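Here is how the chains run, residue by residue.
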Amino acid sequence: MKVFSSIVGIVGTVCLCVTLFAAGYFACAFPLTTEVLSQNTSNFEDSPYTLDDLNVLAVASRDYTVDPRPEGTSTEDARAIFNTAVMNAATHSAQRFTSLTKDDGSDLDRAKKQLWTNLLFELKANTPNNAFGKEDVNDVATKMAAVSDRFAFDEDAFQHLDDCNALINGLIPVIRIVSIIALVCFLLLLVTRRWRALGRMLTVAPLILIISFAFMGTWAVIDFASFFTAFHGIFFPQGNWTFDYDSLLICMYPTAFWMGMGALWLATTAAASIIVLFIGRGCSGHADRLEDREYER
């Protein structure tokens with residue numbers, strides 16, 4: 001039984017670490033989290049969109065990136081949903097958009113200015129009545145991005161978000177299985193009254209997370225740029241995650257946005273770890289009392 005409880009305790013500790021770490025992600029994944037952080041951090045000064053429009057687009061982008069794609073929904077369908085939000089926002093900011101699309105005399109600038117004028121006419125004529133079809137929506141949005149990636153997502157931005165969606169929705173089922181294993185290990189030790197092993201499991205796992213997050217938090221505070229680069233280098237080694245500071249993607253999600261996400265993730269995981277740690281200390285204390293009683297006998 002001692003070997004059994006040791007094995008269950010080790011497996012449970014590892015799975016509990018993953019579960020506590022993932023708890024922070026789920027807090028960050030709520031649409032309300034994106035909405036609140038975007039409202040307070042979006043860089044609308046460098047964007048053709050107003051703060052309210054950026055906020056709407058940030059939530060729409062979050063849905064594109066985080067939510068699983070319903071069966072039968074193609075990438076083109078998902079992009080059309082986001083691009084429709086882009087078009088609606090663009091019509092709200094038409095005057096501001098036009099002022100940011102300069103014609104400085106060169107053939108390229110003149111062509112872009114004319115392209116934007118034509119696109120703006122299309123938006124005003126079709127968007128309010130939802131007259132655009134899926135292909136039209138994506139075609140117009142692609143042309144907007146050709147004028148500037150400040151106006152719409154280009155292929156690089158969409159590709160990065162597609163990579164994020166695949167990563168997130170590939171890991172979620174694994175996290176669920178690991179969390180169930182952690183719960184099973186907890187119940188096995190509880191039912192068999194292996195208080196010492198249960199106490200270790202509920203103490204060691206949160207301590208590992210607290211120490212790890214203390215290290216990562218210190219790193220992020222000292223040099224957030226290098227921390228952010230290292231994080232993306234691990235999960236996106238293909239390197240398609242860098243964009244101009246005034247692109248739509250970065251204006252929606254500037255550094256301050258990700259620092260807020262990191263703080264929420266840290267706070268959630270730390271709070272959950274502390275609760276589990278106290279329960280673990282209680283189990284270890286109970287084991288001590290039982291051993292004392294046995295000794296007295």
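Use the structure listed above.
This one's a predicted model, so the numbers in the text were calculated from it and none came from an experiment. (Residues numbered from 1 in each chain as written. Predicted model: local features only at pLDDT ≥ 70, side-chain atom pairs only at ≥ 80, totals over all residues. Heavy atoms only, no water.)

To continue, consider the overall build of the protein. Along its length, the protein carries 12 helices and zero strands. Moving toward the C terminus, one meets the helices and strands of the protein in the order α-α-α-α-α-α-α-α-α-α-α-α. Taken over 297 residues, the protein has a buried fraction of 41%. Of all intrachain contacts in the protein linking residues separated by at least 6 positions in sequence, the fraction that spans at least 24 positions is 78%. Working note: accessible area of the protein is about 16,100 Å², and carbon and sulfur atoms make up 65% of it. (Helix = DSSP H or I, 4+ residues; strand = E, 2+ residues; numbered from the N terminus. Buried < 20%, exposed > 50% of the residue type's maximum accessible area, 1.4 Å probe, protein only. Contact = heavy atoms within 4.5 Å. Areas by Shrake-Rupley, 256 points an atom, 1.4 Å probe, with all protein chains shown as cover.)

Now for the nonpolar core. Membership of the largest hydrophobic core comes to 35 residues, with the highest contact counts inside it found for Y49, L57, M144, F153 and M252. Of all elements in the fold, only α3 (51-66), α4 (75-92), α7 (134-147), α8 (155-191), α11 (248-252) and α12 (255-296) reach the threshold of two or more residues within this core. Membership of the second largest hydrophobic core comes to 17 residues, among which are L202, A205, F213 and A287. (Core = buried A, V, L, I, M, F, W, Y, C linked by side-chain atoms within 4.5 Å.)

This part takes up the packing of helix α9 (residues 195-222) against helix α10 (residues 224-235). Between α9 and α10, the least distance of the axes is 5 Å, while the angle of their chain directions is 125°. The pairing of α9 with α10 is recorded here as oblique in orientation. Packed against α9, whose contacting residues are M216, W219, A220 and I222, the element α10 presents F224, S226, F227 and A230 at the interface. Tallied by class, residues from the contact of α9 with α10 come to seven nonpolar, one polar and no charged. (Axes fitted to C-alpha atoms, helices over the stretch in contact; angles between N-to-C directions. Parallel < 35°, antiparallel > 145°, perpendicular 65-115°, else oblique. Nonpolar A, V, L, I, M, F, W, Y, C, P; charged D, E, K, R; others polar.)

Looking now at the packing of aromatic side chains. One pass over the full model with this rule turns up 13 aromatic pairs. Within the aromatic cluster, the residues linked to one another by ring pairs are F21, Y25, F26, F213 and W265. Taking NZ or CZ as reference, R69 lies 4.3 Å from the ring centre of Y64, over its face. (Phe/Tyr/Trp six-rings, centres within 6.5 Å; stacked < 30°, edge-to-face > 60°. Lys NZ or Arg CZ within 6 Å of the ring centre and 35° of its normal.)

If you trace the backbone, N138 turns up in helix α7. A distance of 3.1 Å separates the side chain of N138 from the backbone oxygen of E76, its partner in a polar contact. Not counting residues within four places of it along the chain, the set of residues in contact with N138 comprises E76, R79, A80 and N83. (Polar contact = N/O pair within 3.5 Å; in protein donor to acceptor, adjacent residues only side chain to side chain.)

Attention shifts here to the side chain of S5. Mapped onto the secondary structure, S5 falls in helix α1 (residues 2-29). Ignoring sequence-local partners within four residues, the contact set of S5 consists of L189, R194 and A197.

Another point: α4. Helix length check: α4 (18 residues) gives 26 Å between terminal C-alpha atoms against 26 Å at 1.5 Å per residue, within 8%. All buried positions along α4 are accounted for by A78, R79, A80, F82, N83, A85, V86, M87, A89 and A90. (Expected span 1.5 Å × (residues − 1).)

Moving on to the pattern of salt bridges. Where side chains of opposite charge bring their charged atoms close, a pairing between them can arise. Counting across every chain of the model gives seven salt bridges. One salt bridge connects R79 with D162, and the closest N-O pair in it is separated by 2.9 Å. Remark: D162 occurs in helix α8 and R79 occurs in helix α4; sequence separation between them is 83 residues. Accessibility expressed as a relative area gives 13% for R79, which makes it buried. Classification of D162 as buried rests on a relative accessible area of 14%. (Salt bridge = Lys/Arg side-chain N within 4 Å of Asp/Glu carboxyl O.)

What follows deals with the packing of α1 against α9. Helix-helix packing is described using two parameters, namely the angle between the two axes and the distance between the axes. Direction vectors running N to C along α1 and α9 enclose 35°, while the axes themselves pass 8 Å from each other. Handedness of the crossing formed by α1 with α9: right-handed. Side by side, α1 and α9 meet where S5, G9, G12, T13, L16, C17, L20 and F21 of the first sit next to A197, M201, L202, V204, A205, P206, I208, L209 and F213 of the second. A breakdown of the residues in the contact of α1 with α9 according to their chemical character gives 13 nonpolar, four polar and no charged. (Left-handed = near helix turned anticlockwise from the far one by under 90°.)

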